[in-house]
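# Reading the structure
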Amino acid sequence: MKNSSENLYQLDGRVPLGKALPFGLQHVLAMFVSNITPIMILASVVGLDSAVSAALIQNCMVIAGIGTLVQLFPVWRIGSRLPIVMGISFTFLSLAISIAGAYGMGTLIGAVIVGGLVEGVLGLFVKYWIKLIPHVVSATVVTAIGFSLLPIGANSFAGGMGSPDFGSLNNWIVGSVTLLACLLCQVFAKGFLRSLSVLVGLIVGYILACFMGMVDFSGISGLAVVSMPRLMPFTPEFNIGAILSVVAVYLVSATETIGDTSALCNGALNRDPETKEMGAAISCDGFVSSVSGLFGCTPITSFSQNVGLAAMSGVVNRFTIGIGALVMIIGGVFPVVGHALTTIPQAVLGGCTIMMFGSILYAGFGMMARTGFSQRNMVIVSLSLSVGLGFTQATEMFKIFPEIVRTVFAENCVAVVFLLAVLLNLLLPKKEK
């Protein structure tokens, strides 16, 4: 196939580099903030120093690029050969904070590595279990994820849990202006700029924070120009309770990947996904997430905003999006980039993430609407969310259970919702009167 700009709208084929670079960059920019934010929030809450935080941000940029390349250009049965962009997942954030806070980063990383291998193997055998996760289960889980992340966004908005100026006037002003900028861009911007509303809000909030004296650049001086990603920044430790808890969320992540793959094929490629494509996408999620753990990062997954961007723009060319993935990898070897990103105040991140987390809720509601509001679906959704969200707010309820059960379920509403939704779907009669 000849080198042509028309190939932008074809899965295969080469595109002139002058065209491929900007269109590849737009996919990177659409997910850039979402990719680095989970690591930044985790590092802030756990209390990692700025040097380690910057190294992890560098690593997550490299891992996102590698994961995207594997999805685009598969290795054996790992990778879907679809225009899926990968990045650090928000799905694991609340659980990661809980495990790292209680047991340390080493235990979290050990669970990430083992859990990724489990998800990767499950992806290789997807045809044997895919029927266990119908659309109503996926919709319920995505909604629970949105709810579970809202308190994290609120704490960041106020300045970050434990910060001396938590809830201060400055944090309220910066967080509110950031959120307003995101909102105005989302409502009034056109085309591609609308998909960058979160990035626009971050830039506006960051500039305001600089003028208000809330940004400290002292850590940037004296940095090397180039630095390779840091392998094994934490020594993995293996705790069975943490591993089981993370594996449960990996199953949730697999349902999200199934949904993203379906949405991409239907919206951008105008066809239904093949079972082997979904399995290959899940395998990439899992195995590359294990590699992510080796670099001290949390798991990666497919990014829904890039699915929407592909459907809106029609740009699905693997070569073009691969160029964007290479840009991410190159950006990850410059320490200044990582350290500069650590200077973003928590209030700015909170103003951005509130809208992001709300969009996850909205996506869950949309999935429910497509599933239908039958009596059976109502029972599955309402009971799973009521028990999952309600019981995990009263964690002392779980004190009669063994420690492993408390570790997996007591503060992890997503795991409870997922398990209950799967069980209800299996047990409730399929046919209604």
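Each value, and the rule that gives it
- Residues numbered from 1 in each chain as written.
- Predicted model: local features only at pLDDT ≥ 70, side-chain atom pairs only at ≥ 80, totals over all residues.
- Heavy atoms only, no water.
- Helix = DSSP H or I, 4+ residues; strand = E, 2+ residues; numbered from the N terminus.
- Rg over C-alpha atoms; globule rule 2.2 N^0.38 Å.
- Buried < 20%, exposed > 50% of the residue type's maximum accessible area, 1.4 Å probe, protein only.
- Contact = heavy atoms within 4.5 Å.
- Lys, Arg positive; Asp, Glu negative; His and termini not counted.
- Charge placed at Lys NZ, Arg CZ, Asp CG, Glu CD.
- Expected span 1.5 Å × (residues − 1).
- Bend = angle between axes of the 7 residues up to and from the residue.
- Core = buried A, V, L, I, M, F, W, Y, C linked by side-chain atoms within 4.5 Å.
- Phe/Tyr/Trp six-rings, centres within 6.5 Å; stacked < 30°, edge-to-face > 60°.
- Salt bridge = Lys/Arg side-chain N within 4 Å of Asp/Glu carboxyl O.
- Disulfide = S-S within 2.5 Å.
- pLDDT = per-residue confidence, 0-100.
- Axes fitted to C-alpha atoms, helices over the stretch in contact; angles between N-to-C directions.
- Parallel < 35°, antiparallel > 145°, perpendicular 65-115°, else oblique.
- Left-handed = near helix turned anticlockwise from the far one by under 90°.
- Nonpolar A, V, L, I, M, F, W, Y, C, P; charged D, E, K, R; others polar.

## Side note on the overall build of the chain
- When you go through the chain residue by residue, the secondary structure sums to 17 helices and two strands.
- Expected size for 433 residues packed as a compact globule is a radius of gyration near 22 Å; at 21 Å, the chain falls within 12% of this value.
- For the C-alpha atoms alone, the extent of the chain along its principal axes is close to 65 × 60 × 45 Å.
- Expressed as a percentage of its 433 residues, the buried residues of the chain come to 55%.
- When contacts within the chain are restricted to residue pairs at least 6 apart in sequence, those whose partners lie at least 24 apart make up 82%.
- Side chains of the chain give 20 positive and 17 negative charges; the mean places of these two sets differ by 12 Å.

## Considering helix H14 (residues 346-371)
- Taking 1.5 Å per residue, 26 residues should reach 38 Å; H14 reaches 37 Å between its end C-alpha atoms and fits that length.
- Residue Thr353 marks the point of greatest curvature in H14, where the axis turns by about 25°.
- Trailing H14 by a residue or two, Gly372 shows a phi angle of about 105°, which is positive.

## Notes on the nonpolar core
- Counting 101 residues, the largest nonpolar core has Ile36, Leu42, Leu93, Leu108, Val137, Leu149 and Ile344 as its most contacted members.
- Sorting elements by how many residues they give to this core places helix H9 (residues 240-267) first, with eleven residues.
- Setting aside residues no more than four positions away along its own chain, Val137 makes contact with Phe418, Ala421, Val422 and Asn425.
- By size, the runner-up hydrophobic cluster in this structure holds nine residues, among which are Val28, Ala64, Leu72 and Val85.

## Observations concerning the packing of aromatic side chains
- Tallied over the full model, the rule gives four aromatic pairs.
- Centre to centre, the rings of Phe92 and Tyr250 are 4.9 Å apart; their planes meet at 65°, and the pair counts as edge-to-face. Placement of Phe92 in the loop between strand S1 (86-88) and helix H3 (93-103) and of Tyr250 in helix H9 is noted, with a sequence separation of 158 residues between them. Both residues of the pair, Phe92 and Tyr250, count as buried.
- Centre to centre, the rings of Phe157 and Trp172 are 5.5 Å apart; their planes meet at 80°, and the pair counts as edge-to-face.

## Brief notes about the pattern of salt bridges
- In total, this model carries four salt bridges according to the counting rule given.
- A salt bridge links Arg81 to Asp12; its shortest N-O distance comes to 2.8 Å. In this pair, Arg81 is assigned in the loop between helix H2 (50-72) and S1 and Asp12 in the segment before helix H1 (17-46), connecting sequence segments 69 residues apart.
- A residue is classified by how much of its surface remains accessible, and Asp12, at 28% relative accessible area, is partly exposed.
- The shortest N-O distance in the salt bridge between Arg318 and Asp12 comes to 2.7 Å. Of the two residues, Arg318 sits in helix H12 (residues 318-331) while Asp12 sits in the segment before H1, which places them 306 residues apart along the sequence.
- One network of salt bridges, in which partners are shared, links Asp12, Arg81 and Arg318.

## Quick notes on the state of the cysteines
- Scanning all chains against the criterion turns up zero disulfides.
- Here Cys60 is not disulfide-linked; the sulfur of Cys297 is the nearest cysteine sulfur, at 5.4 Å.
- Among the residues examined, Cys60 registers a relative accessible area of 0% and is labelled buried.
- Unpaired in terms of disulfides, Cys265 finds its nearest cysteine sulfur in Cys284, a separation of 15 Å.
- Judged by relative accessible area, which is 0%, Cys265 ranks as buried.

## Digging into helix H8 (residues 197-211)
- Look at H8: 22 Å from first C-alpha to last across 15 residues, which is about the 21 Å you get at 1.5 Å a residue.
- Among the residues making up H8, those that are buried are Ser197, Val198, Leu199, Gly201, Leu202, Gly205, Tyr206 and Ala209.
- Once H8 finishes, Gly213 follows within two positions and takes phi at roughly 70°, a positive value.

## A short note on the confidence of the model for the chain
- On average, residues of the chain score 87 in pLDDT, and 97% of them are at 70 or above.
- When the elements of the chain are averaged for pLDDT, helix H7 (residues 192-195) gives the smallest value, 66, and helix H4 (residues 105-124) the largest, 96.

## Looking at the packing of H9 against helix H10 (residues 275-294)
- Where H9 contacts H10, the axes come no closer than 9 Å and their chain directions differ by 135°. With respect to their mutual orientation, H9 and H10 come out oblique. Crossing geometry of H9 relative to H10 is assigned as right-handed. Two secondary-structure elements touch here, H9 through Tyr250, Ser253, Ala254, Thr257, Ile258, Thr261, Ser262 and Cys265 and H10 through Glu277, Met278, Ala281, Ile282, Asp285 and Ser289.
- Taken together, the residues that form the contact of H9 with H10 break down as seven nonpolar, five polar and two charged.

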